[in-house]
Amino acid sequence: MQRRSFVQRAGLAGVLASGAAPAVVHAQSTLRWRLASSFPKSLDTIFGTAELFAKKVGEMSGGRFQISVHAAGELVPAFGVVDAVQNATVDIAHTAPYYFYGKDPTFCLGCAVPFGLNSRQMSAWMYDGNGLKLMREFYARYNIVNFPGGNTGAQMGGWFRKEIKSIADIKGLKFRCNPFAGRVLEPFGVVPQSLPGGDIYPALEKGTIDAAEWVGPYDDLKLGFNKVAPNYYYPGWWEGGPQLDFFINNKAWEALTPDYKSMIEAAAAQSHIEMQARYDARNPPALKQLVGSGTKLKPFPADVMTAAFKSAEQIYADLSAKNPSWKKVWEDYAKFRAEQNVWFRFTEATFDRFMQSQKL
């Protein structure tokens, strides 16, 4: 038996050395993962990004690595995906990290915070700064390995039943917004509401909420918010460049072969780019359609912007004083934000202001 085993090993080694590997070496059993999205299938931009990711992994692996994509509520609730990945109920999720502010506000730094980085700056911090390293250190306590999985670009400020003329007009407003924006607005009398995308329209229609924000014209038109709230405000100062993530269970990740890991990384990067490309291409005609159908497009009053900025900066200072995880990531994030703000002042912002003043 020992001699036979030796001969078999020697024979295999000879074949491998000759470069002609037998079929059994190439054969791999199909790997199947389940992906839980935080979004409904009706949103072909965000939900579609997870579908694109799974499609690319399947193509690169020759069909050997299959990822089934499940909408919010099919496997777990929209806001239950972190627990599901942490506990290995699913292998991977696609979500907006700021949904998990309640677990720890540090999650938000991996997505967006009020008056934070825009989409290009966020990608720069993640890929060439310390962002990915710092967030992975934080997510490790939740058994998560993350990959950037898209960005919407700067969002709109949302749909309001009544006109907002000053900071006084938001008092008592029941506003569906992301949790961090809600905390910033609470000192001014806003009552924040946290709802998944698919639940916003009925709540706005029934008057359960007075206002709601989602993403921007393309998605908002599909969800029909213009039918129940006429005033469309901008900008979404709480989401200057919100990044979505693929959250992967750490044990599932470590079990992958190096080639499968490379496929995940490449598919995530392509998905990251394509999501914003879709929004940038599709938002302008959607906005024209909304305005043409009677939507009242308005900027937030200056006193709302100024008061919100001051409130946000105070919250960041308070968190840094009591939350070590936040402090570690925020200090790097804030430094990067300051440097980017100066740079963009001389380049992107000046160029954009000139171009937007031209008749094209």
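Here the structure is shown first, and the text comes after it.
To keep things clear, this report deals only with the structure shown in the data block. Quick caveat, the model's predicted, so the values are computed rather than measured.

Scoring rules and cut-offs
- Residues numbered from 1 in each chain as written.
- Predicted model: local features only at pLDDT ≥ 70, side-chain atom pairs only at ≥ 80, totals over all residues.
- Heavy atoms only, no water.
- Pairing = 2+ DSSP bridges.
- Helix = DSSP H or I, 4+ residues; strand = E, 2+ residues; numbered from the N terminus.
- Patch = residues over 30% accessible without salt bridge, like charges linked within 9 Å, V, L, I, M, F, W, Y side chains within 5 Å.
- Areas by Shrake-Rupley, 256 points an atom, 1.4 Å probe, with all protein chains shown as cover.
- Salt bridge = Lys/Arg side-chain N within 4 Å of Asp/Glu carboxyl O.
- Buried < 20%, exposed > 50% of the residue type's maximum accessible area, 1.4 Å probe, protein only.
- 1 Å grid on protein atoms, 1.4 Å probe; cavity = no way out; pocket = protein on both sides within 12 Å on 5 of 7 lines; lining within 4 Å.
- Points joined across faces, edges and corners; volume = space filled by probe spheres on them.
- Nonpolar A, V, L, I, M, F, W, Y, C, P; charged D, E, K, R; others polar.
- Core = buried A, V, L, I, M, F, W, Y, C linked by side-chain atoms within 4.5 Å.
- Contact = heavy atoms within 4.5 Å.
- Axes fitted to C-alpha atoms, helices over the stretch in contact; angles between N-to-C directions.

### Observations regarding the pairing of strand β9 (residues 231–234)
Side chains on a regular strand alternate between the two faces of the sheet.
Working step 1: Note that strand β5 (residues 158–160) and β9 share 3 bridges and pair antiparallel. Bridged to W159 within β9 is Y232.

### A closer look at a nonpolar patch on the surface
Working step 1: A surface patch of nonpolar side chains, amounting to about 230 Å² of accessible area, comprises Y234, V291 and L297.
Working step 2: Exposure remark for L297: the relative accessible area of 37% places this residue in the partly exposed category.

### A closer look at unusual backbone geometry
Working step 1: The peptide bond linking Y234 to P235 adopts the cis configuration, its omega dihedral lying at -5 degrees.
Working step 2: As for its placement among the helices and strands, P235 is situated in the loop between β9 and β10 (243–249).
Working step 3: We note that A88 has phi near 65 degrees; this positive angle belongs to a residue other than glycine.
Working step 4: Mapping A88 onto the fold places it in the loop between α4 (81–86) and β3 (92–95).
Working step 5: A88 gets classed as partly exposed once you look at its relative accessible area, which sits at 48%.

### Things to note about the layout of surface pockets
Working step 1: Each pocket or cavity is described by its volume, and for the largest pocket that value is around 1100 Å³.
Working step 2: Residue assignment for the lining of the largest pocket shows that the elements contributing at least two residues are α5 (119–127), α11 (258–292), α13 (324–346) and α14 (348–356).
Working step 3: For the lining of the largest pocket, the element with the highest residue contribution is α14, accounting for 6 residues.
Working step 4: Per-class residue counts for the lining of the largest pocket are 13 nonpolar, 15 polar and 6 charged.

### Examining the nonpolar core
Working step 1: Counting 82 residues, the largest nonpolar core has V113, W125, F175, F180 and W214 as the members making the most contacts within it.
Working step 2: Each residue touching F180, except ones within four places of it in the same chain, is listed here: Y101, C108, V113, P114, I315, Y316, L319 and W326.
Working step 3: Of all hydrophobic cores here, the second largest spans 24 residues; its members include W33, L35, F246 and L256.

### Focus: the sheet that holds strand β11 (residues 296–299)
Working step 1: Taking strand neighbours across the sheet as the criterion, the 6 strands line up as β7-β6-β8-β5-β9-β11 in an open arrangement whose pairing is mixed. Taken across any chain shown, the strands that pair with only one partner, and hence form the sheet edges, are β7 (191–193) and β11.
Working step 2: The pairing of β9 with β11 spans 4 bridges and is parallel. Paired with Y233 across the bridge in β11 is K298.

### Quick notes on the sheet that holds strand β1 (residues 31–37)
Working step 1: The mixed open sheet is built from 5 strands, whose spatial order is β2-β1-β3-β10-β4. Single-partner strands in this sheet number two, and they are β2 (65–70) and β4 (144–151). Sheet twist, expressed as the average angle between the axes of neighbouring strands with direction ignored, equals 25 degrees.
Working step 2: Taken strand by strand, α5 contacts β4 and β10, and its axis lies near 155 degrees from that of β4.

### Some thoughts on empty space enclosed by the protein
Where empty space is left becomes clear once a probe the size of a water molecule has been rolled over the atoms.
Working step 1: This structure, assessed with the given rule, holds 3 cavities of 30 Å³ or more.
Working step 2: Put simply, the largest cavity is a space of about 100 Å³.
Working step 3: In terms of lining, the largest cavity is formed by 15 residues, of which the most central are Y98, Y99, Q155, V215 and E239.
Working step 4: When its residues are assigned to classes, the lining of the largest cavity shows 9 nonpolar, 3 polar and 3 charged.
Working step 5: Among the residues making up the lining of the second largest cavity, the classes are represented as 10 nonpolar, no polar and no charged.

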